[in-house]
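Listed below are the residues making up each chain.
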Amino acid sequence: MEKVALITGASKGLGFETAYQLGVKGYTVIVAARTQQKSNETAEKLKSKGLHAVGMQLDVVNDNDVDNLSKSINEHFVYSGETDPSFREIDPSLFEVVDCLPDG
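Residues numbered from 1 in each chain as written. Predicted model: local features only at pLDDT ≥ 70, side-chain atom pairs only at ≥ 80, totals over all residues. Heavy atoms only, no water.

1. Looking at a positive patch on the surface
Taken together, the side chains of Lys 12, Arg 34, Lys 38, Lys 45 and Lys 49 make up a positively charged region of the molecular surface. In this structure, Arg 34 sits in the loop between strand S2 (28-33) and helix H2 (36-48). The exposure class assigned to Arg 34 is exposed, which follows from its relative accessible area of 65%. (Patch = residues over 30% accessible without salt bridge, like charges linked within 9 Å, V, L, I, M, F, W, Y side chains within 5 Å. Areas by Shrake-Rupley, 256 points an atom, 1.4 Å probe, with all protein chains shown as cover. Salt bridge = Lys/Arg side-chain N within 4 Å of Asp/Glu carboxyl O. Lys, Arg positive; Asp, Glu negative; His and termini not counted. Charge placed at Lys NZ, Arg CZ, Asp CG, Glu CD. Helix = DSSP H or I, 4+ residues; strand = E, 2+ residues; numbered from the N terminus. Buried < 20%, exposed > 50% of the residue type's maximum accessible area, 1.4 Å probe, protein only.)

Now the structure itself:
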């Protein structure tokens, strides 16, 4: 099963470093930022380092962004059936907490 991580605030600082570290560990990283342009730029930075990354727009206080992101995640990463359940209804056991801090 493909390992996928969604990182909010991934365009800078701790969010970017978290995305980078998870990418190094083999995750496909969905980098979410408030604008599609920012998220695409961040995904390109990670790709230039040889990592798998996808940019998606997400302003966490915008319900439309949350709904659009959840549909995209279901379509591309989670669900392959005929219907499209809400991301908010996915079984929490599909998720895990990952230690992404560098060794040392």
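2. Focus: the pattern of salt bridges
Opposite charge on two side chains permits them to pair, given that their charged atoms come into close proximity. On inspection of all chains with the given rule, the structure shows one salt bridge. The residue Glu 44 makes a salt bridge to Lys 47 at a minimum N-O spacing of 3.5 Å. Within this pair, Glu 44 and its partner Lys 47 are both found in helix H2, separated by three residues, close to a single helical turn. Taking the relative accessible area as the measure of exposure, Lys 47 reaches 40% and is therefore partly exposed.

3. Regarding the nonpolar core
Counting residues in each nonpolar core, the largest one holds 13 residues, and the members touching the most others are Ile 7, Ala 19, Leu 22, Val 29, Val 31 and Leu 46. The biggest single contributor to this core is helix H1 (residues 13-24), with three residues. Sequence-distant contacts of Val 29, defined by excluding residues within four places in its chain, comprise Ala 5, Ile 7, Ala 19, Leu 22, Gly 23, His 52, Ala 53 and Val 54. Ranked by size, the runner-up nonpolar core spans seven residues in total, among them Ile 30, Met 56, Leu 69 and Ile 73. (Core = buried A, V, L, I, M, F, W, Y, C linked by side-chain atoms within 4.5 Å. Contact = heavy atoms within 4.5 Å.)

4. A word on the confidence of the model for the chain
Mean pLDDT for the chain: 79, with 73% of residues reaching 70 or above. H2 holds the highest mean pLDDT among the elements of the chain, 96, whereas helix H3 (residues 63-78) holds the lowest, 81. Within the model, the stretch residues 80-93 combines pLDDT values under 50 with 16 contacts to residues more than four positions away or in other chains. (pLDDT = per-residue confidence, 0-100.)

5. Re H1
Taking 1.5 Å per residue as the helical rise, H1 with its 12 residues ought to reach 16 Å, and the 17 Å between its terminal C-alpha atoms agrees with that figure. Those residues of H1 that fall on the buried side of the exposure criterion are Gly 15, Phe 16, Ala 19, Gln 21, Leu 22 and Gly 23. Elements in contact with the buried residues of H1: strand S1 (4-8), S2 and H2. After H1 finishes, the residue Gly 26 shows a positive phi value of roughly 100°. (Expected span 1.5 Å × (residues − 1).)

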